[in-house]
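Tertiary structure, described
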Amino acid sequence: MPDAIDRLDDALDDAWKALRGNPVIDRIFYTASEAADFSVLWHTLGVAQAIVKNDPKVAIALSAALGVESALINGPVKSMFKRSRPVQDAPRPYNLRQPKTSSFPSGHASAAMVAAAMLSRNGGGAAWYALAGLVATSRIHVRIHHASDVAGGVVAGALLGTVARRVADALT
């Protein structure tokens, strides 16, 4: 099974090469990837939503959910898998932090899905999930994750986001 996953990842990476090197596409994906480092993008959006809604609990619930997601995904889950990251054979067009943890699953993808679930509690679900998809996909474009790492992060984040949303809804 791992060989089949590696072949699929390689095929998707080869197909994605056509998009790399385009200055506009590179800028969009590199910006999305960097903005989501340490979930800064999501925390900022949560604070903005809390201000608009005049309800600080919105930001608190989102930050709490992201904290749990990060503690689980970047701790025990990543340590269960010791997958190496894609090899970057050419300089990246923009500076980007290179994580040292296991490549599987993508923490950016899981955090994005948790954030989309929490932010969409106040409407705009399609837009939040589109932004989450952009951030998750950016990790493939910038070659910091394999496509299967991103898929694993999306699944984990969707599950954690569903639980977080239910807990937050029950508490408010």
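Reference entry: report on the structure contained in this document. These numbers were taken from a predicted model, which means no experiment stands behind them. (Residues numbered from 1 in each chain as written. Predicted model: local features only at pLDDT ≥ 70, side-chain atom pairs only at ≥ 80, totals over all residues. Heavy atoms only, no water.)

Membership of the largest hydrophobic core comes to 21 residues, with the highest contact counts inside it found for Trp42, Leu66, Met118 and Val135. Broken down by secondary-structure element, the contributors of at least two residues to this core are helix 3 (40-53), helix 4 (56-80), helix 5 (107-119), helix 6 (125-141) and helix 7 (147-171). A per-element tally of this core places helix 5 first, with eight residues. Dropping the residues within four chain positions of it, Met118 is found in contact with Ala61, Leu62, Ala65, Ala164, Arg165 and Ala168. Counting seven residues, the second-largest nonpolar core is a separate cluster that includes Trp16, Ala109, Ile140 and Val150. (Core = buried A, V, L, I, M, F, W, Y, C linked by side-chain atoms within 4.5 Å. Buried < 20%, exposed > 50% of the residue type's maximum accessible area, 1.4 Å probe, protein only. Helix = DSSP H or I, 4+ residues; strand = E, 2+ residues; numbered from the N terminus. Contact = heavy atoms within 4.5 Å.)

Here we take up the pattern of salt bridges. A full pass over the atoms with the stated rule returns eight salt bridges. The salt bridge involving Asp13 is made with Arg20; its shortest N-O contact spans 2.8 Å. On the basis of relative accessible area, Asp13 is assigned to the buried category, the value being 14%. Within this structure, Asp6, Asp9, Arg83 and Asp149 form a network of salt bridges that share partners. (Salt bridge = Lys/Arg side-chain N within 4 Å of Asp/Glu carboxyl O.)

As a further point, take helix 6. Compared with an ideal rise of 1.5 Å per residue, which puts 17 residues at 24 Å, helix 6 spans 24 Å between its outermost C-alpha atoms and is within 8% of the ideal. Taken together, the buried positions of helix 6 are occupied by Trp128, Ala132, Val135, Ala136, Ser138, Arg139, Ile140 and His141. Where helix 6 is buried, its residues touch helix 1 (2-16), helix 2 (23-35), helix 3, helix 5 and helix 7. Positive backbone phi, at 60 degrees, marks Arg143, one or two positions downstream of helix 6. (Expected span 1.5 Å × (residues − 1).)

Here the focus is the side chain of Asp13. Inspection of the secondary structure assignment puts Asp13 in helix 1. At a separation of 2.9 Å, a polar atom in the side chain of Asp13 contacts the side chain of Arg143. If sequence neighbours within four positions are ignored, Asp13 has contacts with Arg20 and Arg143. (Polar contact = N/O pair within 3.5 Å; in protein donor to acceptor, adjacent residues only side chain to side chain.)

Once that is clear, we can look at a nonpolar patch on the surface. Where nonpolar side chains cluster on the molecular surface, the patch consists of Val163, Val167 and Leu171 and spans about 310 Å² of accessible area. With respect to the secondary-structure elements, Val163 resides in helix 7. (Patch = residues over 30% accessible without salt bridge, like charges linked within 9 Å, V, L, I, M, F, W, Y side chains within 5 Å. Areas by Shrake-Rupley, 256 points an atom, 1.4 Å probe, with all protein chains shown as cover.)

Using the criterion set out here, one finds three aromatic pairs in the structure. Ring centres of Phe81 and Phe104 lie 4.7 Å apart, and the angle between their planes is 70 degrees; on these two criteria the pair is classed as edge-to-face. Of the two residues, Phe81 is situated in the loop between helix 4 and helix 5 and Phe104 in the loop between helix 4 and helix 5; the sequence distance between them amounts to 23 residues. With relative accessibility at 33%, the residue Phe81 sits in the partly exposed group. Classification of Phe104 by relative accessible area gives partly exposed; the value is 22%. (Phe/Tyr/Trp six-rings, centres within 6.5 Å; stacked < 30°, edge-to-face > 60°.)

Between two packed helices, both the angle of their axes relative to each other and the distance between the axes serve to describe the pair. Where helix 5 contacts helix 7, the axes come no closer than 7 Å and their chain directions differ by 30 degrees. Relative to helix 7, helix 5 is oriented roughly parallel. Classified by chirality, the crossing of helix 7 by helix 5 is right-handed. For the pair helix 5 and helix 7, contact is made by Ala109, Ser110, Met113, Val114, Ala117 and Met118 and by Val150, Gly153, Val154, Gly157, Ala158, Leu160, Gly161, Ala164, Arg165 and Ala168, respectively. Residues belonging to the contact of helix 5 with helix 7 are distributed by class as follows: eleven nonpolar, four polar and one charged. (Axes fitted to C-alpha atoms, helices over the stretch in contact; angles between N-to-C directions. Parallel < 35°, antiparallel > 145°, perpendicular 65-115°, else oblique. Left-handed = near helix turned anticlockwise from the far one by under 90°. Nonpolar A, V, L, I, M, F, W, Y, C, P; charged D, E, K, R; others polar.)

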